[in-house]
Amino acid sequence: MRRLFAIVGFTYLITLTVAMFLSEKALVVCLCLNAACFIASVLVKNIRKNKIFPIALFTSLLGFGVYTANYNINILPIKQLYDKDINISGVICDIPYKNNGRYYYTIEVDKVVGRESGKKFKMSLSCSDALEADIYDKFTGNVHAFEPNFCSGFYSKQYKMSQKKYISGFLYDYQPVEIQENSEKPFNYYILKFREKMLSSMKSLLPETHATITNGVLLGEKQDLTQDIKNDFLRVGIYHLLAVSGIHVVLLCEAATAVFKKFKFSKRSSNLLTIAFILFFMAVNCFSPSVVRAGVMMIIYLIGDLFGRKSDCINSLGIAVLLMCAFNPNAGGDIRIWLSTLSVLGINVLETKIFKFINNYVSLLSDEAVTRYLAKSVSMSLSVMIATFPVTVIFFKRLCLIAPISNILTMFPITFMIILSMVSNLMYVAGVSKAFIMPLLCVLKIDVDYVINVCRWLSGFPFACVSIEYKFISLWVSSVLILIGLSVIFGDVKKQVKFISLLSLNILFVGIISYKILMRDVTRLSVLDVGNGCSLVLSKNGRNSVICCGGEEYYCDRLGRYLDSINTGYLDLLLVPSSDEESSMFFNDVNDKFKKNCVVTADSMCVGQGLQSEETNTHFETFKDKIDIKLWNDIAINTYEAEDKTWMFLKIDNINILVCPNGGDAKNIPSKWLDCDIFITGSLPINYDLIHPVYNILSESKISCENNLIKLSKNTLNNYVTSNYGTINIDIKSPSTITIRRET
């Protein structure tokens, strides 16, 4: 059968990806349905003759079976440790990093006190101070364990599980830990130390901004990137280029092959040297799954070419995907795997056709090598962009209309950046004087400046990036896949490609316009999932304001991430009613990332004057005890402080909303506030039974809300909780219509 491994590999990856987003009961249902369909495909003669359906169904059955077995054997026992204080022993098995003022370590745990001996597992551990430890040193200490969550990025729970990190934890600052040097260093230790050396070397060679971008592109290290750079890359649709994936490997292989050909190496020598180069690049990136997959595919292709046999690239990619998934049942949760697979697939399937189409028109103007090179660049950029488009839209929840232009303008400069940064970095690590590397560094700096300026310029275009409702995008992607499937079954795909493309674009833009019309003049109050505390965002007709900053320290980046996800470039109002440490952290995170029209803070925060010197176009105001604010002509915001606790009262289109961010006593607030339509609390106040709302919304962690939910149920049965389940959106539309839904 032609391309058997492609069918098996891609089906297996899709199955594992779907399985990661299913509940335990849904997994069992899918397993049974798949088994029934497979048996039917074997028994029905017409289907059995085709062979494709039985093979695909068996592969899917195997995928669900392997994932279910892995879940029950490896994940389920670890889930019993969630939300508990445990004493663990293990080794630090990866390079630590710093993010939002906290240090993050990966611990391979081999012992949990009080737990029967089981398999080793990885834990993502955070602490406020750096540990005095090296990679693979032994760690022993008390930690609080919890379920991996969404705080560090898009689908981070699934991403962490794809790295076999089934549990997260944090250290209590007041409890000591024991660090013991490990004299036996595994081979991976030296790979990680070499990577660490390369990361630090680039910081020694280039200014900080340039070094972080080159480290991101070359090594996939994004932790040190400034939020402005991340936002620009996201808004122009090239953020995926910072995740080292198949496209990097393919482009580097093409560059290496071109160099060897230029110096007239034999075909055998060129292929062998390219294979060695691929293996080296895989080692530098610590054999990450996405790089290994693309590397294996390219090595298979080059070996086949070496022995005079033309390899089928798509089949080779299927083999690589199957090998990667065979050793990791959670591989489907890693976006880099999908970006890598689709990038390589797009280049192999679409690049030649797009090049021929473009070259037909370009050759009419000129037959120079430069024009052919430009046609090649454009065709490769477009092929990768088209292939990765569904995944980038679903994962990043945005449609980058400027992406075709940004990909064309930056893809090959970024490839050139990878080559220059790798060569200069290796020279520096090898002991070559910085003076000899300076010419390369000057060119590299110009290249990085070009990419930064292009991203900054394009991100400033109106409608460069459009925020999309996730459920709508899922529906749209499903519609496109159904159209493609119907065209495969009932007709020739090639003949119908124009019709499918036009119909897909029509569905997309009709959906966007319909959503905009439906949301016109709707005021949305978003209660973010930030643990114990309140972070509230008001949105209406494309305008956004933050009216409360707070929550647990661990989630302090969620407010900024949410604002960025709804394409916020400017805040009409940034209101900080409380002056506690957590509110200050949330405020600082948002203040650094977004431009503002007006900032209002409690006077005890003392931030006004320092910020005024930096932002002359922003109005700053502080208040003591209470303040009244009118927003967008139809929203009234009142604050009231009693016994060092601040309360808020919102009136939106005759809907009354009472907010209690940090607890307090309900006896101390104005009596007219007690009869409200919606009560939002981050910490249940004393005498809460005096409040009589129609809806209660608890912005609390799972542990805190369990007892509080029972208490509030005595007043009303209309209760909603965040509790790591996602943001809650309250949509208010005239005449006084309330819609409450969860955004997962």
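Bear in mind that the values here come from a model prediction, so they are computed numbers and not experimental data.

A. Spatial organisation of the overall build of the protein chain. Helix and strand counts for the protein chain come out as 22 helices and 25 strands. When the 744 residues of the protein chain are sorted by exposure, 51% land in the buried category. Within the protein chain, contacts between residues separated by at least 24 positions form 64% of all contacts whose residues are at least 6 apart in sequence. As presented, the protein chain carries roughly 34900 Å² of accessible surface, and 59% of it is formed by carbon and sulfur atoms.

B. Layout of the sheet that holds strand 23 (residues 719-721). Across the sheet, 7 strands lie side by side as 17-18-19-20-21-22-23; this open sheet has mixed pairing. Only two strands of the sheet have a single neighbouring strand rather than two, namely strand 17 (626-631) and strand 23. Within the sheet, the average angular offset between the axes of one strand and its neighbour, ignoring direction, is 15 degrees. With 8 bridges joining them, strand 18 (residues 635-642) and strand 19 (residues 645-652) adopt antiparallel strand pairing. Across the sheet, Ala636 pairs through a bridge with Lys651, a residue of strand 19. Most of the contacts of helix 22 (residues 702-712) go to strand 22 (residues 695-698), to which it runs at about 170 degrees, and overall it touches strand 22 and strand 23.

C. Highlighting the pattern of salt bridges. As enumerated under the stated definition, the model contains 10 salt bridges in all. With its nearest N and O atoms 2.7 Å apart, the salt bridge here joins Arg524 to Asp731. With Arg524 in strand 10 (residues 523-527) and Asp731 in strand 24 (residues 727-733), this pair connects stretches of sequence that are 207 residues apart. With a relative accessible area of 8%, Arg524 lands in the buried category. Looking at Asp731, the relative accessible area reads 5%, which means it is buried. Among the ionic pairs, Asp634 bridges to Lys540, the shortest N-O distance being 2.3 Å.

D. Quick peek at a nonpolar patch on the surface. On the surface, Ile39, Leu43, Val44, Ile47 and Phe53 cluster together to form a nonpolar patch covering roughly 480 Å² of accessible area. Among the secondary structure elements, Phe53 is positioned in helix 4 (residues 52-79).

E. Layout of the packing of aromatic side chains. Across all of its chains, the model carries 12 aromatic pairs by this definition. Look at Phe170 and Tyr172: their rings are 5.5 Å apart centre to centre, the planes differ by 75 degrees, and that puts the pair in the edge-to-face class. Measuring from centroid to centroid gives 5.1 Å for Phe649 and Trp673, while their planes differ by 10 degrees, and the two rings are stacked. On the criterion of sequence distance, the pair formed by Phe649 in strand 19 and Trp673 in the loop between strand 20 (655-660) and strand 21 (678-681) is long-range, its members being 24 residues apart. Here Phe649 falls in the buried class, since its relative accessible area comes to 9%. Geometry around Tyr189 places Lys185 over its ring, the cationic atom sitting 4.8 Å from the centre.

F. Region of interest: the pairing of strand 17. Residue alternation in strand 17 divides its side chains into a buried set, Ile627, Ile629 and Leu631, and an unburied set, Lys626, Asp628 and Lys630. Alignment of strand 17 against strand 18, held across 6 bridges, turns out to be antiparallel. Within strand 18, the position partnered with Asp628 by the bridge is Asn638. In sequence, strand 17 turns back onto strand 18 through a hairpin of 3 residues, with Trp632 there showing a positive phi of about 55 degrees.

G. Main features of the confidence of the model for the protein chain. Of the residues in the protein chain, 88% reach a pLDDT of 70 or more, and the chain-wide mean stands at 81. Segment residues 150-154 is flagged for pLDDT under 50; beyond a separation of four residues in sequence, or across chains, it makes 16 contacts in the model. Ignoring residues within four places in sequence, the model shows residues 606-614, a span with pLDDT below 50, making 7 contacts including any to other chains.

H. Just the side chain of Asn544, in detail. The residue Asn544 is located in strand 12 (residues 543-548) in this model. Overall, Asn544 belongs to the buried group, its relative accessible area being 7%.

I. The nonpolar core, seen in detail. Counting 107 residues, the largest nonpolar core has Ile88 and Met123 as the members making the most contacts within it. Residues in contact with Met123, not counting those within four places in the same chain, are Ile86, Ile88, Tyr105, Thr106, Ile107, Val109, Val143, Ala145, Ile167, Ser168 and Gly169. Counting residues in hydrophobic clusters, the runner-up holds 33 residues, among them Ile627, Met648, Leu650 and Ile678.

J. Looking closely at the environment of Ile52. Position of Ile52 among the secondary structure elements: in helix 4. For Ile52, a relative accessible area of 39% gives the class partly exposed.

K. Representation of the packing of helix 7 (residues 208-219) against helix 16 (residues 434-459) within the structure. Where helix 7 meets helix 16, the closest approach of the two axes is 10 Å, and the angle between their N-to-C directions is 85 degrees. Considering their axes alone, helix 7 and helix 16 lie roughly perpendicular with respect to each other. Along the contact surface, helix 7 presents Thr209, His210, Ile213 and Thr214, while helix 16 presents Leu444, Lys445, Val448, Asp449 and Ile452.

L. Spotlight on the side chain of Thr106. Take Thr106: it is sitting in strand 3 (residues 102-112). Look at Thr106 and you get buried, because its relative accessible area is 7%. For Thr106, the side chain forms a polar contact with the side chain of Lys165, separated by 3.1 Å. If sequence neighbours within four positions are ignored, Thr106 has contacts with Val91, Ile92, Cys93, Asp94, Lys122, Met123 and Lys165.

M. Structural view of helix 12 (residues 313-326). Between its first and last C-alpha atoms helix 12 spans 20 Å; for 14 residues at 1.5 Å apiece the expected length is 20 Å, and the two agree. Taken across its 14 residues, helix 12 has 10 buried, putting it largely inside the fold. Every buried residue of helix 12 is accounted for by Cys313, Ile314, Asn315, Ser316, Leu317, Gly318, Ala320, Val321, Met324 and Cys325.

N. Structural context of the state of the cysteines. Considering all chains together, one arrives at 0 disulfides under this definition. Here Cys32 stays unpaired: no disulfide links it, and the sulfur of Cys30, its closest cysteine neighbor, is 9.4 Å away.

O. Representation of the packing of helix 6 (residues 187-205) against helix 7 in the model. The contact between helix 6 and helix 7 brings their axes to 8 Å, and the two run at 150 degrees. If you check the angle between helix 6 and helix 7, you find them roughly antiparallel. Considering how the two elements wind past one another, helix 6 and helix 7 form a crossing that is right-handed. Residues Arg195, Met198, Leu199, Met202 and Lys203 of helix 6 pack against Ala211, Thr214, Asn215, Leu218 and Leu219 of helix 7. In terms of residue class, the contact of helix 6 with helix 7 is built from 6 nonpolar, 2 polar and 2 charged.

Rules of the game
- Residues numbered from 1 in each chain as written.
- Predicted model: local features only at pLDDT ≥ 70, side-chain atom pairs only at ≥ 80, totals over all residues.
- Heavy atoms only, no water.
- Helix = DSSP H or I, 4+ residues; strand = E, 2+ residues; numbered from the N terminus.
- Buried < 20%, exposed > 50% of the residue type's maximum accessible area, 1.4 Å probe, protein only.
- Contact = heavy atoms within 4.5 Å.
- Areas by Shrake-Rupley, 256 points an atom, 1.4 Å probe, with all protein chains shown as cover.
- Pairing = 2+ DSSP bridges.
- Axes fitted to C-alpha atoms, helices over the stretch in contact; angles between N-to-C directions.
- Salt bridge = Lys/Arg side-chain N within 4 Å of Asp/Glu carboxyl O.
- Patch = residues over 30% accessible without salt bridge, like charges linked within 9 Å, V, L, I, M, F, W, Y side chains within 5 Å.
- Phe/Tyr/Trp six-rings, centres within 6.5 Å; stacked < 30°, edge-to-face > 60°.
- Lys NZ or Arg CZ within 6 Å of the ring centre and 35° of its normal.
- pLDDT = per-residue confidence, 0-100.
- Core = buried A, V, L, I, M, F, W, Y, C linked by side-chain atoms within 4.5 Å.
- Parallel < 35°, antiparallel > 145°, perpendicular 65-115°, else oblique.
- Polar contact = N/O pair within 3.5 Å; in protein donor to acceptor, adjacent residues only side chain to side chain.
- Expected span 1.5 Å × (residues − 1).
- Disulfide = S-S within 2.5 Å.
- Left-handed = near helix turned anticlockwise from the far one by under 90°.
- Nonpolar A, V, L, I, M, F, W, Y, C, P; charged D, E, K, R; others polar.

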